[in-house]
Amino acid sequence: MSVVPFPLTVARSRTTSPRRATARSVALAASAWVLFTGPAVMPAHAAPPGDYRVKGVDTSHYNHPGSKAIDWRQVRRAGYAFMYAKATEGTTHQDDWLAADLKGAEAAGLVRGAYHFYGTTPGKDQARNFVATVKEAGYTGKAPGELPPAIDLELGSGGTCPNNFSTAGLRAFLRTLDAEMKVAPVVYTTAQFVDTCMGGDGALFTDHMLWQPRYRSGIEPEAVPGADSRWKIWQHSEQGNVPGIESKGRTDLNVFRGTLAELKRRAHLPAG
């Protein structure tokens, strides 16, 4: 059996800071556990990112240094099959590159989606910000080549929850999104977020595809408590170099747990 080669880490924040903050208290606790108890044994089902062949990226305006466009055809030629672009954050922020990145990815043959970074509540107003923005960009989450939208739930610097966060507010976000777009969003989150901000109960995500981060550990993300499924997308690095993307060492890398045919089906395309 393999062992964990590095201290475990958690997701960095997708807030408007150029570098996502790390929930250092959680990471340091994990490092201390490894130090005093010895290396953790990988679960029998665990596999490193390289064992998953369907690769993707997620991007925002931070991947456009100097306002340089991404060459999505180069990204596709490098073996990446899917992408998510940031659309909105909180109740007022919209990402300037959403429409261009979605259109560029479509022209290059990638399947694509848009995500919302969950910030200051109320949740219903955040959902309305997201829906209005993606509609303006021509994205519905249901057209051929489109993956479902995603909601990004992360701890902030120091392991804090979003301002005024509540499960009721999150439920209002999901209900509003469902009413407006008629599609169940992908949920990007961690076990630590659910433990800290939702009382350890992730049952709200039972009918949602999970997208989870875990960096530099060599093994898969920890299961979300209360959810009834494992991850389908694993964000395994936030320091990638991808041909066609100018933000060297700052690109998020993902893998899909499934076949390319399954990914295409989820994007409303023929599996062949």
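All figures in this text were calculated on a predicted structure; none of them were measured in a lab.

**What to know about the overall build of the chain**
The number of helices and strands found in the chain is seven helices and nine strands. Counting over 272 residues, the chain shows a buried share of 52%. Considering only intrachain contacts with a sequence separation of at least 6, the fraction spanning at least 24 residues in the chain is 70%. For the chain, the exposed area adds up to about 11800 Å²; of that, 53% sits on carbon and sulfur atoms.

**Remarks on the side chain of His116**
Residue placement: His116 occurs in strand β4 (residues 111-117). When its relative accessible area of 0% is taken as the criterion, His116 is described as buried. Side-chain polar atoms of His116 contact the side chain of Thr88, separated by 2.7 Å. Polar side-chain contacts of His116 include one of 2.8 Å to the side chain of Gln126.

**Things to note about the pattern of salt bridges**
Per the stated rule, a full pass over the model turns up eight salt bridges. For Arg128, the salt bridge goes to Asp125, with nearest N and O atoms at 3.6 Å. On the criterion of helical spacing, the pair formed by Arg128 and Asp125 is a turn pair, its members being three residues apart in helix α4 (residues 123-136). The salt bridge partner of Lys232 is Glu262, with a shortest N-O separation of 2.9 Å. Pair noted here: Lys232 is in strand β8 (residues 231-240) and Glu262 is in helix α7 (residues 260-266), with a separation of 30 residues, a long-range link. Exposure class is identical for Lys232 and Glu262. Each is buried.

**Focus on the confidence of the model for the chain**
For the chain, the mean per-residue pLDDT works out to 86, and 83% of the residues sit at or above 70. Scored below 50 in pLDDT, residues 1-13 makes 47 contacts in the model with residues more than four places away or belonging to other chains. Segment residues 16-45 is flagged for pLDDT under 50; beyond a separation of four residues in sequence, or across chains, it makes 54 contacts in the model.

**Considering the packing of α4 against helix α5 (residues 167-181)**
Packing of α4 against α5 leaves a shortest axis separation of 7 Å and a crossing angle of 30°. In this view, α4 runs roughly parallel relative to α5, as classed from their interaxial angle. Crossing angle aside, the handedness with which α4 passes α5 is right-handed. In this structure, α4 uses Gly123, Lys124, Gln126, Ala127, Arg128, Phe130, Val131, Val134 and Lys135 to contact α5, whose residues at the interface are Gly169, Ala172, Phe173, Thr176, Leu177, Glu180 and Met181. Considering only residue class, the contact of α4 with α5 consists of eight nonpolar, four polar and four charged.

**With respect to the pairing of β4**
Put simply, side chains in a regular strand alternate between the two faces of the sheet. Taking burial as the measure, the seven residues of β4 include seven buried ones, the bulk of the element. Neither face of β4 is left uncovered, since the one carrying Val111, Gly113, Tyr115 and Phe117 and the one carrying Arg112, Ala114 and His116 both have all their residues buried. Direction of pairing for strand β2 (residues 80-89) relative to β4: parallel, over a ladder of seven bridges. Counted as the bridge partner of Phe82 is Val111 from β4. Pairing geometry for β4 and strand β5 (residues 150-152), over three bridges, is parallel.

Rules used in this analysis
Residues numbered from 1 in each chain as written. Predicted model: local features only at pLDDT ≥ 70, side-chain atom pairs only at ≥ 80, totals over all residues. Heavy atoms only, no water. Helix = DSSP H or I, 4+ residues; strand = E, 2+ residues; numbered from the N terminus. Buried < 20%, exposed > 50% of the residue type's maximum accessible area, 1.4 Å probe, protein only. Contact = heavy atoms within 4.5 Å. Areas by Shrake-Rupley, 256 points an atom, 1.4 Å probe, with all protein chains shown as cover. Polar contact = N/O pair within 3.5 Å; in protein donor to acceptor, adjacent residues only side chain to side chain. Salt bridge = Lys/Arg side-chain N within 4 Å of Asp/Glu carboxyl O. pLDDT = per-residue confidence, 0-100. Axes fitted to C-alpha atoms, helices over the stretch in contact; angles between N-to-C directions. Parallel < 35°, antiparallel > 145°, perpendicular 65-115°, else oblique. Left-handed = near helix turned anticlockwise from the far one by under 90°. Nonpolar A, V, L, I, M, F, W, Y, C, P; charged D, E, K, R; others polar. Pairing = 2+ DSSP bridges.

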